[in-house]
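Breakdown of the fold
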Amino acid sequence: MTEKYTLVITVANRVGVLARISGLLSSRGINIESIVGCRTENPDVYQVHLVIRGTPELVQKISKQVQKLIDTIKVVDIPHKKGGPIREFMFAKIPARKDRSEILDIVNMFGAKIVDISPSFLTVDLSGPTRKIDQFMEMMKPFGIREYIRSGQIAVGS
Amino acid sequence: MMTGAEILIDALKKEGVDIVFGYPGGVVLPVFDVLFKTPEIRVVLTRHEQAAVHAADGYARATGRTGVCLVTSGPGATNTITGLANAKLDSIPIVVISGQVKTAVIGTDAFQEADMAGLTRPICKHSYLVQRVEDLPQVLKNSFYIARSGRPGPVAVDLPADVAQAPLENYAYPEHPDIPSYQPPEKGNANQIRKLAAAVKQASRPVILAGGGIVAAGASAELVRFAEKTNIPVATTLMALGCVPDDHELFLGMPGMHGRVSANYALMECDLLIGMGTRFDDRVTGDLKSFAAGATIAHVDIDPSEIGKILRTQIPIVGDVRSVLADLDKAVAPRPANEWNRIVREWSLVHPLSYVQDPEGEILPQYVIDRVNLQASKDTIIATDVGQHQMWSALFVRHRGPRAFLSSGGMGTMGFGLPAAMGASLGFPDRPVVVITGDGSIQMNIQELPTCTLNRIPVKIVVLNNSCLGMVRQWQELFYDGHYSKTCLKERPECRSVCSGHRPDCPNAFWPDFVRVAEANGMPGFRATRVSEVDEVLCKGFAVDGPALMEFRVKKIENVYPMVPGGKPINVILLGAAR
Ligand SMILES: Cc1ncc(C[n+]2csc(CCOP(=O)(O)OP(=O)(O)O)c2C)c(N)n1
C-alpha cells in the first residue's frame, strides 16, 4: 500500500544539494508531489520538505539513500496518515466585482486573510492543513479562481 | 603566496600521491605547468581520458591507494564519465580533477564548457565545483577523505581556470576534513554482533557471502580466520576473488550467473546467510524470491543504505567489516565442521570446473587461461576485460590473494582491462601484470599500446580472439534463436546472404591483425592458432622485458558454463554438458 510521506531533509546549505536530492529521486522513478526548501536558523544549514508517495519499505530505502549523500545531515520521514501537523500555504486571486460580500463571508469563515484588493480582484492568503485548503478552493470555485499558488506541504515530527 | 594550481599540486603531495594519470588541455595548463616543475609526481599521459580514469582505478584496486586523474574541461571531462561510473559501482577510491572554464563565463556555453559537477552527480560518491581559491585546500582535503573513507568511491573536483591561477595568501593544507554531515560508521553494534554469534552457533547450514567490501576493508585475513574458527564455507563474489585462497577447503567459489555450482547450491540451501561487504547484485542472486529463501539473513556493510536494499535482513550490522570481524571473533565460539561441510564439499567434487581440450582441435579459451596460470607467480596481478573471457578468467584463474584480480564488476565496462592493468603495473613496478582480454574489449582502449611502450609499462596482453563479441553471441544462441545480430567481428555487408553469424570455414580475414598492431606500437606480438603453439607463445610473451601482446585464435562457438539464465533461481543451472 502506498502512502504519502513528508521527508524532512536537513542538509548543508550548498550549491547543488537540491539537485542531488531531486536527481536521486528521479533516477529511481519517484515523483516529487511537493517540495519546499529554506535556510534554517543556522545559515549553513538548509531544510527541505519533500512529499512523496510510496510503501513504507520504499520510503525507508529512499531515506537511507538521501542520508547517504555527503551533504545530508539528517533525514526524517513523516507518514501523513499518522496525522501529525502538516501545513500548507496558499495565495488565491478571486474575481470579485459582484459577489464580494459572499466571498468575504467564506474568507472569514476559513480564517483566510485579504492581502490585496483591486476593483476587480481580491487576493487572499490561507494556511492550514491541505484539506482545509482543498475545501476553500472548492467553495471558491463558483466565483471562478483567476490564479492561485500553493506552497506544498511542510511537516514537523510529533 | 601560492596559486590554485600550486595548491592543488601541494595537496597531491601531502596526500602522498606520486602518480597522476592525465591529459592536458587549455584550462588545465596552469596545473600542468606546475607539474612540469614537480619531479616528485610522475604524470602518465594516456591516449584517452577514459583510459586515464581506468588506469587510476586499476592503480587503486591493486594498491589500495587513491588513484588520481587530471583532465581538461568539456570533452576531456566528459570522456571520464564511463570511468567514473565504473569506479562508483565497484566502490573504488579515485579523485578526478577536471579543469573548467573561468568562473565568469560558467553557464554561457563557453568554449569547452560542460557542467561537470552536474554530469558526475549520479555517478560519483561526491563532486565539487570550486568557485573560490580560498575553498580549494579544504575541498581537496575533503575529496581525498571522501574517496577513501567509509564505502570508497570516486570524487570529481571541477577547477575553473581562474581559480587555478588565483593567488592565495597564507595557504596551509588542512589537517582534517571538514564535513560535519559525513561520518562513516566504524564499529558494529555490539548487540547485533552477539546476535550474529548466537545465530552462527545455532545454524546447521551457514554460508558466508563475501564481497568487495572485504577487499576495501583489508579484511581478507580476518575473514579466513573467522571462517576457519566456525567452519563456515565461503563464497566470494567477482569483486572478492582472492580474499579466500581458491585451494582453501572452505572456499566455495564465485556464485551467481556464471558461478560455481557448489557456491550456488550452498546459497540456496543454507539456513544462515552472512553477507559481508556485498550488495546482493542481481548477477549473484538471480531470482530474488527463491534466493536463500530458507535462511536467516545477516548483513554486514559499512553503507547503511545497502542493508535491506535487496533482501529482508534479520541481523543487520552497519560497520567496517574488518572491525566487525574482529569483534565477531571474540564473540563467537569455535564451531566444529558438520554434515553440511561434507555436503558442500561433495557438490564441489561432483561439479568441478572442466573443459576438454582436444590437442588437434581448436584452442579453447579456458585452456589458454589455465596455461597462463602456469606462467603466473604468486604475486602476479591479472586484470580482465568484459565478456566470456572475463567469466572464464574468474573461474579458471588461480586466485591466491586479494587485490590481484582486477575486473569491472558492477558496470561490466569493456575497455577496462588494458588501462587498469597499466595502473596496477605502475603501482607495483616489480610485480608481473597480465590482462586477459577479448578481441572486442581490447579495441575499446587499444590506443593505450603506445602508452605502455613509451612508459615501459610491462603489461602482458593476452587476447582471446574468438572473432566475435562472445558473451553477447552466447545470449543470442541461447535466448534469441541464434539470431547473431552484429556480434561477428569478421562480418562484412555481404555476409548476410550466406552466413547466419558463424561459418566455421569463414573466409573473411581477421581485422585488425593484432600482431601487427602490437608491432606498429613498438611491442612484440605473438600469435597461436594451434593448441601446440599456446605454451610457446606464452613463454615468448612472458619472457619479453616490457609489454607484449599474445593473440590466441580460440574457438568461436564456445559458451560459458555453468550458466543461470537471467532472473532464474540460481540452482537452475545450465551446465552445457550436452554440447
Ligand atoms: C562498453 C560496453 N559496451 C557493450 C557491452 C556489452 N557486452 C558485454 S560482453 C560483450 C562482448 C565482449 O566481447 P569480447 O571483448 O570479444 O569478449 P568475449 O565475450 O568474446 O570473450 C559486449 C558487447 C559492454 N559490456 N560494455
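Residues numbered from 1 in each chain as written. Chains lettered and ligands numbered in written order. Predicted model: local features only at pLDDT ≥ 70, side-chain atom pairs only at ≥ 80, totals over all residues. Heavy atoms only, no water.

1. What to know about the overall build of chain B
Along its length, chain B carries 22 helices and 20 strands. Taken against the 2.2 N^0.38 rule, which gives 25 Å for 579 residues, the C-alpha radius of gyration of chain B at 25 Å falls within 12% of a compact globule. Element-wise, carbon and sulfur atoms account for 53% of the exposed surface of chain B, whose accessible area totals about 22900 Å². Averaging the positions of the 56 positive and the 60 negative side-chain charges in chain B gives two centres separated by 4 Å. (Helix = DSSP H or I, 4+ residues; strand = E, 2+ residues; numbered from the N terminus. Rg over C-alpha atoms; globule rule 2.2 N^0.38 Å. Areas by Shrake-Rupley, 256 points an atom, 1.4 Å probe, with all protein chains shown as cover. Lys, Arg positive; Asp, Glu negative; His and termini not counted. Charge placed at Lys NZ, Arg CZ, Asp CG, Glu CD.)

2. Some words on the packing of aromatic side chains
All names here are of chain B. Scanning all chains against the criterion turns up 9 aromatic pairs over all chains. The interplanar angle of 80 degrees and the centroid separation of 5.4 Å between the aromatic rings of Y265 and W347 together place this pair among those described as edge-to-face. Of this pair, Y265 sits in helix α12 (residues 261-269) while W347 sits in helix α15 (residues 339-350), placing them 82 residues apart in sequence. Residue class for Y265 comes out partly exposed when judged on its relative accessible area of 24%. Judged by relative accessible area, which is 17%, W347 ranks as buried. (Phe/Tyr/Trp six-rings, centres within 6.5 Å; stacked < 30°, edge-to-face > 60°. Buried < 20%, exposed > 50% of the residue type's maximum accessible area, 1.4 Å probe, protein only.)

3. Concerning the site of the ligand
Residues and elements named next belong to chain B. Around the ligand sit 17 residues in total, of which Q388, G412, G440, S441 and G470 are the nearest. A distance of 2.9 Å is found between an oxygen atom of the ligand and a side-chain nitrogen or oxygen belonging to H389. In the complex, 76% of the free accessible area of the ligand, which totals 580 Å², lies under the protein chains. When residues of the shell around the ligand are traced back to their parent elements, those giving at least two are α17 (388-396) and α20 (470-479). Element by element, the count of residues in the shell around the ligand is highest for α20, at 3 residues. Looking at side-chain class alone, the shell around the ligand contains 7 nonpolar, 9 polar and 1 charged residues. (Near = heavy atom within 4 Å. Polar contact = N/O pair within 3.5 Å; in protein donor to acceptor, adjacent residues only side chain to side chain. Nonpolar A, V, L, I, M, F, W, Y, C, P; charged D, E, K, R; others polar.)

4. Observations concerning the interface of chain B and chain A
Each partner contributes to the interface: chain B provides 16 residues, whereas chain A provides 12 residues. Summed over both partners, the interface of chain B with chain A comes to about 1300 Å²; 52% of that surface belongs to carbon and sulfur atoms. The interface formed by chain B and chain A includes 1 salt bridge. Close ionic contact of K68 of chain A with D303 of chain B constitutes a salt bridge, the shortest N to O distance being 2.7 Å. (Contact = heavy atoms within 4.5 Å. Buried area = accessible area lost by both parts, 1.4 Å probe. Salt bridge = Lys/Arg side-chain N within 4 Å of Asp/Glu carboxyl O.)

5. Details of the pairing of strand β3 (residues 45-54) of chain A
Residues and elements named next belong to chain A. Within β3, 8 of the 10 residues are buried, leaving the element largely enclosed by the surrounding structure. Note: strand β1 (residues 3-12) against β3, 10 bridges, orientation antiparallel. Following the sheet pairing, A12 is matched in β3 by V45. Of the pairings in the sheet, the one linking strand β2 (residues 34-39) to β3 comprises 6 bridges and is antiparallel in character. For S34, the partnering residue across the bridge sits in β3 and is V51. Between β2 and β3, which pair antiparallel and follow one another directly, the connecting turn spans 5 residues. (Pairing = 2+ DSSP bridges.)

6. Considering the nonpolar core
Residue and element names in this part refer to chain B. In this structure, I208, L223, F226, I274, M276 and F552 are the most contacted members of the largest nonpolar core, which totals 70 residues. Looking at this core, you find at least three residues from each of domain 2 (190-350) and domain 3 (365-553). Counting residues in each nonpolar core, the second largest holds 44 residues, with V44, A55, I94 and A424 among its members. (Core = buried A, V, L, I, M, F, W, Y, C linked by side-chain atoms within 4.5 Å. Domains from an automatic or database assignment.)

7. Thoughts on the domain arrangement of chain A
How big an interface is tends to be stated in terms of accessible area lost as the parts join. Residue and element names in this part refer to chain A. With domains assigned, chain A is organised as domain 1 (3-82) and domain 2 (86-155). Summarising the inter-unit geometry, the C-alpha centres of domain 1 and domain 2 are found 29 Å apart. On the side of domain 2, 6 residues touch domain 1, which itself brings 9 residues to the contact. On the domain 1 side of the contact with domain 2, V36, H49 and H80 bury the most area, a combined 54% of that side's loss. Taken together, domain 1 and domain 2 are joined by 2 residue pairs in polar contact (both at pLDDT 80 or more). When residues of the side of domain 1 that touches domain 2 are traced back to their parent elements, those giving at least two are β1, β2 and β3.

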